[in-house]
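# Structural overview for review
In case you want the letters, here they are:
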Amino acid sequence: MVLPPGKTALRAGRALAKSWAVIATPLRPILVFVASWVVLSRLAFAGGGDLRHTAPLDSPEHRKYAPDRRVDLSHVALDLTPDFLRRTIGGQATLTFQPIGAPLRELKLDAVELVVTNVSASEPIAAWQVTDRQVIVTFAQAQPPGRQVQVTLGYHAQPTQGIYFRTPEMGYRPGDTHLFSQGEEIEARHWYPCLDAPNLKFTSEITCHVPAGMTVLSNGKLVAATPEAQGRLVAVHWAQDQPQTSYLVALVAGYFKGLQAQYHQVPLSFYTPPSEFAEATNSFRDTADIMGFYEQEIGVPYPWAKYAQVCVNDFVAGGMENTSLTVLTDRTLFPEATENIRSSQGLVAHEMAHQWFGDLVTCKDWSEIWLNEGFATYYAHLYDEHKNGHDAFLYGMYNDARGIFQQPNDLRSIVYREYDQPSEQFSYLAYPKGGWVLQMLRAQLGADLYRQCIRTYLDRHRYGNVVTEDLNQVIEALSGRSFDQFFDQWVYHAHYPELEVGYSWDEPAHLARLEVKQTQALSERVLLFNFPLPVRFQTRTGAVDRIIRVKEKQEEFFFALPEAPTQVRLDPELSVLAKIRFQPPPPMLARQLADTGDVMGRLLAVAALAERRDQEAVGRLRSRLNEDPFYGVRLEAAKALRTIHTDEALEALLTSTVQPDARVRREVWEALRGFYRASVLAAARPALKSERNPDILAQLILTLGAYPQTETRETLLKYLDSTSFRNVLADAAIGAMRAEDDPAFIAPLLATLQRNETAFTSSGFAQGLHCLAWLAHDQDNREAVREFLVRQVNSKKEAVQLAAIRALGELGDPRAIPVVETFTGLAADRPERQAAEKALVSLREAKKPAAEWNELRGEVLDLEKTTRELRQQLEAVKQQVRAAGTRGRATKRPPRLTTPRAGE
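Residues numbered from 1 in each chain as written. Predicted model: local features only at pLDDT ≥ 70, side-chain atom pairs only at ≥ 80, totals over all residues. Heavy atoms only, no water.

The next point concerns the overall build of the protein. Looking only at helices and strands, the protein has 25 helices and 28 strands in total. A burial count over the protein gives 57% of its 904 residues as buried. For the protein, the accessible area works out to roughly 36,900 Å², and carbon and sulfur atoms hold 50% of it. (Helix = DSSP H or I, 4+ residues; strand = E, 2+ residues; numbered from the N terminus. Buried < 20%, exposed > 50% of the residue type's maximum accessible area, 1.4 Å probe, protein only. Areas by Shrake-Rupley, 256 points an atom, 1.4 Å probe, with all protein chains shown as cover.)

Below, the structure written as structure tokens:
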């Protein structure tokens, strides 16, 4: 499964942050996880390496394991009818099973929010009951091991998880009505009664009754499509004749348009909602090539009857690898105008790899999820190498490593049992770090032996479950080497080596010396690592490659060489996940930067130059930005110039905006956004007129947000009402309006959101709500904005509903408190309640100044009263003094002036 970028987690913690494999966003095709892949409340990336969990040490829930298999579930048959208007499903489920090991009196099925109306079985039933988590069927007599039993349950549900509807009544486009299922991690129980754990596999079939004209997709082969109800309905029957686990059972139904193709004997298809079909070809085009590459690289033929992909609106993740039917977010679709900025390659490659890794063989429990996600991440990188070259592969692995190194509190191992929810396991540990484990295995085994090991691993466990030790056993058997320590330090313990490396050259002895220190903090969870580290010495006569074994806290290595090396490169082919601090002498760094045969050397040299601010560094980076043969180095050079942030760096960027590679062109403008200079605005204005790439235009529009001028405001208003793919230009205009923070934008933005809601994506409209609240939060009259936001709090689109609740908090109008409070009575884990509670904190803080003002006004009134009383007393004294003077005789002592005590 791929998690979505830049989102908070949805149901069961799917969010990502950013994904490890990509959706078609204005990013590179294989992305680094910016764990916000999360992270996230209930998130997929919740805590990543954080050790916090709620189950105490003395709780049986402290560590999680695969559940017992009391039965062998052999087949599940579902017969369902969805009601798109009411957003419900109803029908029956028939489960066929045999008890294992011991007689079975009670069958306990996972079922949440299912209304079960009847239960029958092939054996007599004594009773059945429904709890909040299960359906429990009690047989009249215990069923002996090996006896085949069938149980059929009639039920209906209005699912909040598991099945997701997208209908016009919810705000989606008419003509695009559809539904889709999502099972991973444990959502299958929300739409059919099941044994919802990865360690049970079964064959399945689904019959779905829908209005004529709709498409129904599911696992396996299409058996029949039979008209019903005088042609008003059609019953579509799919059958999966190979075993799969519960979370991979899939159903998609609704109005779709599709493309068809074939790879050898495997039918291929790609579906989208009708309104988005124009972009389908761009995302589908690599599918056959990816399948062909995987069959060759993995050595195992594609294992299912077909391969279909379907894009859906507001999918809860980036993609989901159901057997033979992958569901994708429609955000992966893109037009040709984006050039090479957007791509579905990473997402399609990641999800297809799961058809072998995750579907053909499936992790036994969620602690071993890296065996699904790590493989899919790594094989997407291998396909990137196949299609785009070795430099692209290295850049992808390099970015994944940087993402791992940025994770705080990296104290969780990849295989980790002390989680609270399965969603916590879907983090950088499972995805990029899991992929890096495979990269290190491939480097140590060699590509050919590695392929043999993977092929054997799949053949041995096909259609079954696996744990890490299954992989280890195959590798040890075929290599003759022990890999216990490898898996212990990289998979069963946390973190990675942190190395400080020093270099010196002894000219008389012709010896190169390397001093290597492991500096990671050691503990029971983080070990001192033992690993091979390749070293390359580049000399005038060629490269000298050596491999050292790093295993001590501090050690020295000496190398006899014919002459002083011109470059020293550590791990030049990225074979070890290690954070290395090594500063080559300046002459070596200069040669490394110019070495067109060493992309990693150039990338590392660019990173080193980013830490300098001198003109020489700027000049070298400018040269790489405009001349390097690999786009990734040019991207990093642009980022480095932004980091340096001198006048010379700005000039280098301004003279480098003409780039044939759209990815680099966009990055240059992104870097220029980091400067506040009139020259940046002067360059952006003509570029807005000449640029045709919508993603770069969006970047240019965002640039205007730092320059609040009349001409800028007019430009933003023009793009606010423009038409573009997925409304990216209007989204950018809204982002710039928020940056300008000009209340003059409130009225036009409110009018656009009221008039053009269906033109925005859910996330784009949500951004508009937040911007509107931000612009209005200091205004005296916020009534129109408040009322508009209040109307959105019951939106059927979760992203819009949550944004409206949060925006009311940002608006800071205390009159919204009663509306927001209505969501605080929901279950504690409901995202609406969590959003409302945070909004209420802001709203009550906003209310305090008014209360404090009332208190201050009361104090002023009290002070005025006291002053009047004092004046009256003073006047009385004056009168007494005057009276005494007229009589010419002494008077009584004047009364003492008193100040009333507080509260009097």
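This model, assessed by the stated rule, comprises 46 salt bridges. Across the pair R830 and E832 runs a salt bridge, and its minimum N-O distance is 2.7 Å. Owing to a relative accessible area of 32%, R830 belongs among the partly exposed residues under this scheme. Linked by salt bridges that have partners in common, E297, R442, D448 and R451 make up one network. (Salt bridge = Lys/Arg side-chain N within 4 Å of Asp/Glu carboxyl O.)

Right, let's get into the confidence of the model for the protein. In this model, the protein carries a mean pLDDT of 91, and residues with pLDDT of at least 70 account for 90%. Between residues 888-904, whose pLDDT stays under 50, and residues either more than four places distant or in other chains, the model counts 17 contacts. (pLDDT = per-residue confidence, 0-100. Contact = heavy atoms within 4.5 Å.)

The subject of this paragraph is the pairing of strand β13 (residues 233-244). As defined by bridge partners, strand β10 (residues 202-211) adjoins β13 across 9 bridges and the pair is classed as antiparallel. In the strand pairing of β13, F202 is matched with Q244. Here strand β12 (residues 221-228) hands over to β13 after 4 residues, with A229 in that stretch at a positive phi of 50°. (Pairing = 2+ DSSP bridges.)

Let us now look at unusual backbone geometry. The omega torsion of the bond from E184 to E185 falls at 5°, within 30 degrees of zero and hence cis. Tracing the backbone shows E185 in the loop between β9 (178-181) and β10. For E339, which is not a glycine, the phi torsion comes out positive at approximately 55°. Secondary-structure assignment places E339 in the loop between β19 (325-329) and α3 (345-353). Overall, the relative accessible area of 36% leaves E339 in the partly exposed class. Look at D571: it is not a glycine, yet its phi comes out positive at around 50°. By secondary structure assignment, the location of D571 is in the loop between β27 (567-570) and β28 (579-582).

Relative to the helices and strands, A253 resides in strand β14 (residues 251-254). Sequence separation of A253 and L179 is 74 residues, and the distance between their C-alpha atoms is 5.4 Å. A253 has contacts with F84, H178, L179, C208, V210, T215 and V216, leaving out every residue within four places of it along the chain.

Let us look at the nonpolar core. Of all hydrophobic cores here, the largest spans 266 residues; its most connected members are W191, Y294, W370 and Y379. Excluding anything up to four places from it in sequence, W370 contacts F375, I414, V415, A430, G434, V437, L438, T468, L471, F487 and V491. (Core = buried A, V, L, I, M, F, W, Y, C linked by side-chain atoms within 4.5 Å.)

Before going further, it helps to examine the packing of aromatic side chains. Summed over all chains, the structure comprises 33 aromatic pairs. With a centroid separation of 5.4 Å and 45° between ring planes, the pair formed by Y247 and W366 is classed as tilted. A residue pair is termed long-range when its members are at least 10 positions apart, and Y247 in the loop between β13 and β14 and W366 in the loop between β20 (361-363) and α4 (370-388) qualify at 119 residues. For the pair formed by Y247 and W366, the shared burial category is buried. Above the plane of the ring of Y631 lies R663, whose end atom (NZ or CZ) is 3.5 Å from the centre. (Phe/Tyr/Trp six-rings, centres within 6.5 Å; stacked < 30°, edge-to-face > 60°. Lys NZ or Arg CZ within 6 Å of the ring centre and 35° of its normal.)

Pairing of strand β22 (residues 498-506) with β28 involves 4 bridges; the strand directions are parallel. By the bridge assignment, E500 is partnered in β28 with R581. Here β22 pairs with strand β23 (residues 511-518) via 8 bridges, running antiparallel. Bridged to S504 within β23 is R513. Between the end of β22 and the start of β23, which pair antiparallel, lie 4 residues, with H510 showing a positive phi angle near 55°.

Three or four residues apart is the spacing at which side chains of an α-helix point the same way, because the helix has 3.6 residues per turn. Spanning 16 residues, helix α5 (residues 390-405) covers 23 Å between terminal C-alpha atoms, matching the ideal 22 Å at 1.5 Å per step. Burial within α5 is extensive, with 13 of its 16 residues counted as buried. (Expected span 1.5 Å × (residues − 1).)

A separate point is the side chain of D628. Considering the arrangement of structural elements, one finds D628 in the loop between α12 (615-627) and α13 (631-644). Using a relative accessible area of 3% as the deciding quantity, one classes D628 as buried. A distance of 2.7 Å separates polar atoms of two side chains, one belonging to D628 and the other to R602. A polar contact of 2.9 Å, which involves the side chain of D628, links it to the backbone nitrogen of F630. In contact with D628, other than residues within four places in its own chain, are R602, S623, V633 and R634. (Polar contact = N/O pair within 3.5 Å; in protein donor to acceptor, adjacent residues only side chain to side chain.)

This part takes up helix α6 (residues 429-445). Here α6 spans 22 Å end to end across 17 residues, near enough to the 24 Å set by a 1.5 Å rise per residue. With 15 of its 17 residues buried, α6 lies for the most part within the structure. Of the residues one or two after α6, G446 is the one with positive phi, at around 90°.

This part is about the sheet that holds strand β8 (residues 163-166). Across the sheet, which stays open at both edges, the 4 strands sit in the order β8-β9-β14-β11 with antiparallel pairing between neighbours. The open sheet terminates on both sides in strands that have one partner only, identified here as β8 and β11 (215-218). Each adjacent strand pair in this sheet contributes to an overall mean axis angle of 10°, direction not counted. Bridge analysis of β11 against β14 gives 4 bridges, and the strand direction is antiparallel. Along β14, the bridge assignment pairs L217 with V252. (Axes fitted to C-alpha atoms, helices over the stretch in contact; angles between N-to-C directions.)

Its location among the elements puts Q439 in helix α6. Side chain to side chain, Q439 and Y378 meet in a polar contact 2.7 Å long.

With respect to topology, 5 strands assemble into an open sheet ordered β15-β16-β17-β19-β18, the strand pairing being mixed. Here the strands that pair on one side only, and so sit at the sheet edges, are β15 (257-263) and β18 (319-322). Strand-to-strand, the axes of this sheet are offset by a mean angle of 15°, without reference to chain direction. As defined by bridge partners, β18 adjoins β19 across 4 bridges and the pair is classed as antiparallel. Residue pairing across strands places M320 opposite V327, the latter belonging to β19.

At a closest axis distance of 10 Å, the pairing of helix α17 (residues 694-704) and helix α18 (residues 710-720) adopts a crossing angle of 140°. When the interaxial angle is binned, α17 and α18 end up oblique. Considering the relative orientation of α17 and α18, their crossing is left-handed. Here α17 contributes L697, I701 and L704 to the contact with α18, which in turn contributes T712, T715, L716 and Y719. Its residues placed into classes, the contact of α17 with α18 shows 5 nonpolar, 2 polar and no charged. (Parallel < 35°, antiparallel > 145°, perpendicular 65-115°, else oblique. Left-handed = near helix turned anticlockwise from the far one by under 90°. Nonpolar A, V, L, I, M, F, W, Y, C, P; charged D, E, K, R; others polar.)

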